[in-house]
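Close look at the chain arrangement
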Amino acid sequence: MNSSKHTSSKSGSDSVPAGPAATGAAAAPPAGRLEWRKLLHWLREDGVIDEAQVLRTEQRFAAGDSSLHPLVRLGHAGLTRVANGKPLDVDALSEWLATHLKLPYLRIDPLKVDVGRIADVMSVGYAEAKRCLPVMVGLTDVTIATSEPFDTAWVAQIESHTRKSIKLVIASPLEIARYTTEFFTLARSVRAATKTGEVTQVSSFEQLVELGRSNKQLDANDQGVVQVVDWLWQYAFDQRASDIHLEPRREMGVIRFRIDGVLHTVYQLPPSVMSAMTSRIKLLGRMDVVERRRPLDGRIKTRNPAGDEVEMRLSTLPTAFGEKMVMRIFDPDTAVKDLDQLGFTAHDAERWNRLTAQPHGIILVTGPTGSGKTSTLYSTLKRLATEEVNVCTVEDPIEMIEPAFNQTQVQTALDFGFAEGLRALMRQDPDIIMVGEIRDLETAEMAIQASLTGHLVFSTLHTNDAVSAITRLTDLGVPSYLINATVIGVLAQRLVRTLCVHCKKPDPAVTRDSLNDMLKHWRMNGGVKPYQPVGCLECRNTGFRGRAGLYELLTLSEGVKAHLHPVTDTSAMRRVAVQEGLRPLRLAGAMKVAEGMTTLDEVLRSTPQWEG
């Protein structure tokens, strides 16, 4: 984080940041609060706006006063830059002011603020009164975001209170107001949960075992704990997290969010509070709150800030320092996404639609954990689940509850696995069956039997590419003639992070020749418009925002099947598949790079080398 050392005058109200005095904008920088007329004057002096906009704004504001911050008021006045006509909103005006005063500008990223320590710097009332917010507490200094760079008489008091030097940065007054409420509310809830006498600290696996034996429960209904859990969920939804990790550690528990496939540390909590939070979530998920000696599963339904219903899958695991919990958040829009939104090209979408329209056969979706297989299957099944067909699934666990399907949960403790579930579904008059995963020969044989009796069967495997799925079935013990008779297609897929549209910039280092070198056996002849990541607040300075799928679709035509029996020749199979339209994962990734959607490094990291 860029920050500027603040030097405060001992005279109190005349204390000003070091930066403004060096701007040359005025012989003596003003003390006290910002004023909209002075800001208009500076905007005109800097050539940001013209005289006509100044006069129009003065006439508009002359009618009355406002309690709004002057940057907010000007941000709503419809001002535009003379140079390019771009609107001057509150963020743009805040950034301009920081440049004008030669102070650092900060877009507040809540994932990088140590919320637990801001209350040690100042109270919420003090922060609201001074229009400032601590954003980083170091060993020797505190970085404080302010929207009033000349009202700094309070700096000496905070330096005396914290015994640390103060670094001032300018931030949007809207962000400061929003996060002041959020951060101090959370800090207050954590402190309340910590102080409650009902929360029992449990920091080791051995203590968890004893606690389970004694049937002693933590207070999961304490108001502070309830508030922290509610904040956690809403914050995760707001940050587009796909998973929430509650990880107990020796000294402090850690909360982490997985966003676009990458984990981010969000907050640290006392072990007692984290234990109570875990108990609270288990209680809401109808899980055994007392049982901490073995892994448990559950699910919760709640609503996001937009009011949409969101489902979360819960999983706990005993660890050395306590009970770890992971919450998988399912996007409520997953089942209604079309193939274009999932990342399919028009070429592969047309082939996939043709394949899934078959009346019977086995379609496999392959890829590592977290590659988007579930999203592809649910989205496909949702389109196929019309009133005329019966769609049945057997899953471990049920990922998302979908009213259009008849979903069954595997119960290994009751000897009810995928094979048993498939056997039961065969008597339920299904048209389309989805098996969560083919893990063994028995499940594979039941899927084959279902296909041979006229059903369309979907399932998943963990293989590197589409052709390897055929080899995996052979390794499981499935005869090649049965694979030949039943498997009609294999879709291999990966997820790659997509570049942030707000900050990406052209990458001259990537050319068509460099993409061709990466592809080796392939050549790209079309236009290439590669971009590289930069980083901004919208993407948390990662340069990436969101993910898109890469797909490799193998259809088992007669030409491909000719190399399956009696011995599988994977190289020949790949060559024939390419002639019939298969595009390898790496080629699919190179096309995304050429379109400016992702980067070369991201594709190389996510896709296997083509072996055809």
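It should be emphasised that the depicted structure is a prediction, and the values quoted were computed from it without experimental measurement.

What follows covers the packing of aromatic side chains. Tallied over the full model, the rule gives 9 aromatic pairs. Here the aromatic cluster, defined as three or more aromatic residues joined through ring pairs, consists of W231, Y235, F257 and Y267. A cation over a ring is seen here: R73 above F61, with NZ or CZ 4.1 Å from the ring centre.

This part takes up the UniProt feature "domain: Bacterial type II secretion system protein E" (unreviewed entry) in the protein chain. Mapped onto this numbering, the UniProt entry gives "domain: Bacterial type II secretion system protein E" (unreviewed entry) at residues 426–440. Counted over residues 426–440, helix gives 0% and strand 27%. Its end C-alpha atoms are 19 Å apart.

Glancing now at the sheet that holds strand β19 (residues 544–555). An order of β13-β12-β14-β15-β11-β16-β19 is seen for the 7 strands of this open sheet, with the pairing classed as mixed. Each end of this open sheet is capped by a strand with a single partner; those strands are β13 (406–409) and β19. Within this sheet the neighbouring strands show an average axis-to-axis angle of 20 degrees, counted without direction. Running over the sheet, helix α16 (residues 418–425) touches β12 (391–395), β13 and β14 (432–435) and is turned about 160 degrees from β12. On the sheet, helix α23 (residues 585–594) packs against β16 (487–499) and β19 and is oriented at approximately 140 degrees with respect to β19.

With that settled, consider the pairing of strand β5 (residues 243–247). Across the 5 residues of β5, 5 count as buried, placing the element largely inside the fold. The alternating pattern of β5 places D243, H245 and E247 on one face and I244 and L246 on the opposite face, and all of these are buried. Once β5 ends, the chain turns through 5 residues before running back antiparallel as strand β6 (residues 253–259). In the sheet, β5 pairs with strand β10 (residues 322–330) via 4 bridges, with the strands oriented antiparallel. Note that in β10 the partner of L246 across the bridge is M325.

So, on to the confidence of the model for the protein chain. Averaged over the protein chain, the pLDDT score is 84; the fraction of residues at 70 or greater is 89%. Scored below 50 in pLDDT, residues 1–29 shows 58 contacts in the model against residues more than four places distant or in partner chains. Within the model, pLDDT remains below 50 along residues 197–218, and this stretch shows 42 contacts once partners closer than five positions in the same chain are excluded.

This next bit is on the pattern of salt bridges. Enumeration according to the criterion identifies 28 salt bridges in this entry. Among the ionic pairs, R37 bridges to E35, the shortest N-O distance being 3.0 Å. Assessed through its relative accessible area of 48%, R37 is described here as partly exposed. R107 serves as the salt-bridge partner of E538, at 3.9 Å between the closest nitrogen and oxygen. Of this pair, E538 sits in the loop between β18 (531–532) and β19 while R107 sits in the loop between α5 (90–100) and α6 (115–118); the two residues are 431 residues apart in sequence, bridging distant segments of the chain. By sharing partners, the salt bridges in this structure join D91, R107, E175 and E538 into a single network.

Time to look at the packing of helix α2 (residues 36–45) against helix α3 (residues 51–61). Where α2 contacts α3, the axes come no closer than 10 Å and their chain directions differ by 170 degrees. Taken as axis vectors, α2 and α3 run roughly antiparallel relative to one another. Contacts between α2 and α3 involve W36, L40 and R44 from the first element and E51, V54, T57, E58 and F61 from the second. Taken together, the residues of the contact of α2 with α3 break down into 4 nonpolar, 1 polar and 3 charged.

Turning to the environment of L381, a few remarks are in order. On the secondary structure map, L381 appears in helix α15 (residues 373–384). Among the residues examined, L381 registers a relative accessible area of 0% and is labelled buried. With 51 residues separating them in the primary sequence, L381 and I432 have C-alpha atoms 8.4 Å apart. Dropping the residues within four chain positions of it, L381 is found in contact with V391, T393, F405, I432, M434 and F458.

With antiparallel pairing, the 6 strands of this open sheet are ordered in space as β7-β6-β5-β10-β9-β8. Only two strands of the sheet have a single neighbouring strand rather than two, namely β7 (262–269) and β8 (296–303). For this sheet the average axis-to-axis angle between neighbouring strands, irrespective of direction, equals 20 degrees. Packed on one face of the sheet, helix α12 (residues 271–284) meets β5, β6, β7, β8, β9 (309–319) and β10 and runs near 50 degrees to β10.

Bringing the layout of surface pockets into the picture now. When its volume is computed, the second largest pocket comes out at roughly 630 Å³. In terms of lining, the second largest pocket is formed by 23 residues, of which the most central are Y105, L106, R107, L537 and N541. Among the secondary structure elements, those contributing two or more residues to the lining of the second largest pocket are α5 and β2 (132–137). Per-element tally for the lining of the second largest pocket: the top contributor is α5, with 3 residues.

The residue after D396, namely P397, is reached through a cis peptide bond having omega -10 degrees. Among the secondary structure elements, P397 is positioned in the loop between β12 and β13. In the Ramachandran plot, K102 falls in the positive-phi region, its phi being about 55 degrees despite a non-glycine side chain. Assignment of secondary structure puts K102 in the loop between α5 and α6. With relative accessibility at 53%, the residue K102 sits in the exposed group. One non-glycine residue, R240, lies in the positive phi region at around 60 degrees. The class of R240 is partly exposed, set by a relative accessible area of 28%.

Before going further, it helps to spend a moment on the nonpolar core. One finds I108, I144, I244, L246, I255, F257 and M277 to be the most contacted residues of the largest nonpolar core, which totals 61 residues. With 9 residues, the top contributor of residues to this core is helix α11 (residues 223–238). The residues touching I144, leaving out its near neighbours within four places in the chain, are V121, M122, C132, L133, P134, W154, I158, I166, K167, L168 and V169. If you look at the next biggest cluster of nonpolar residues, it comprises 55 residues, including V410, A444, L473 and W522.

Moving on, we get to the side chain of E552. Considering the arrangement of structural elements, one finds E552 in strand β19. Buried within the structure, E552 lacks any salt-bridge partner; its nearest side chain of opposite charge belongs to R574, at an N-O separation of 5.9 Å. A distance of 3.0 Å separates a polar atom in the side chain of E552 from the backbone nitrogen of L585. Once you skip the residues sitting within four places of it in the chain, E552 turns out to touch D465, A466, V467, V490, L491, A492, L582, R583, P584, L585 and W610.

A few words now on the packing of helix α14 (residues 346–356) against α15. The description of two packed helices rests on the angle between their axes and on the distance between the axes. Contact pair α14 / α15: the axes reach a minimum separation of 12 Å and the direction vectors enclose 60 degrees. In this view, α14 runs oblique relative to α15, as classed from their interaxial angle. The hand of the α14/α15 crossing is right-handed. Every residue of α15 that contacts α14 at W352, N353 and T356 is listed here: T376, T380, R383 and L384. Residues belonging to the contact of α14 with α15 are distributed by class as follows: 2 nonpolar, 4 polar and 1 charged.

Parameters and conventions
- Residues numbered from 1 in each chain as written.
- Predicted model: local features only at pLDDT ≥ 70, side-chain atom pairs only at ≥ 80, totals over all residues.
- Heavy atoms only, no water.
- Phe/Tyr/Trp six-rings, centres within 6.5 Å; stacked < 30°, edge-to-face > 60°.
- Lys NZ or Arg CZ within 6 Å of the ring centre and 35° of its normal.
- UniProt positions renumbered as here; feature names shortened; annotations may be inferred.
- Helix = DSSP H or I, 4+ residues; strand = E, 2+ residues; numbered from the N terminus.
- Pairing = 2+ DSSP bridges.
- Axes fitted to C-alpha atoms, helices over the stretch in contact; angles between N-to-C directions.
- Contact = heavy atoms within 4.5 Å.
- Buried < 20%, exposed > 50% of the residue type's maximum accessible area, 1.4 Å probe, protein only.
- pLDDT = per-residue confidence, 0-100.
- Salt bridge = Lys/Arg side-chain N within 4 Å of Asp/Glu carboxyl O.
- Parallel < 35°, antiparallel > 145°, perpendicular 65-115°, else oblique.
- Nonpolar A, V, L, I, M, F, W, Y, C, P; charged D, E, K, R; others polar.
- 1 Å grid on protein atoms, 1.4 Å probe; cavity = no way out; pocket = protein on both sides within 12 Å on 5 of 7 lines; lining within 4 Å.
- Points joined across faces, edges and corners; volume = space filled by probe spheres on them.
- Core = buried A, V, L, I, M, F, W, Y, C linked by side-chain atoms within 4.5 Å.
- Lys, Arg positive; Asp, Glu negative; His and termini not counted.
- Polar contact = N/O pair within 3.5 Å; in protein donor to acceptor, adjacent residues only side chain to side chain.
- Left-handed = near helix turned anticlockwise from the far one by under 90°.

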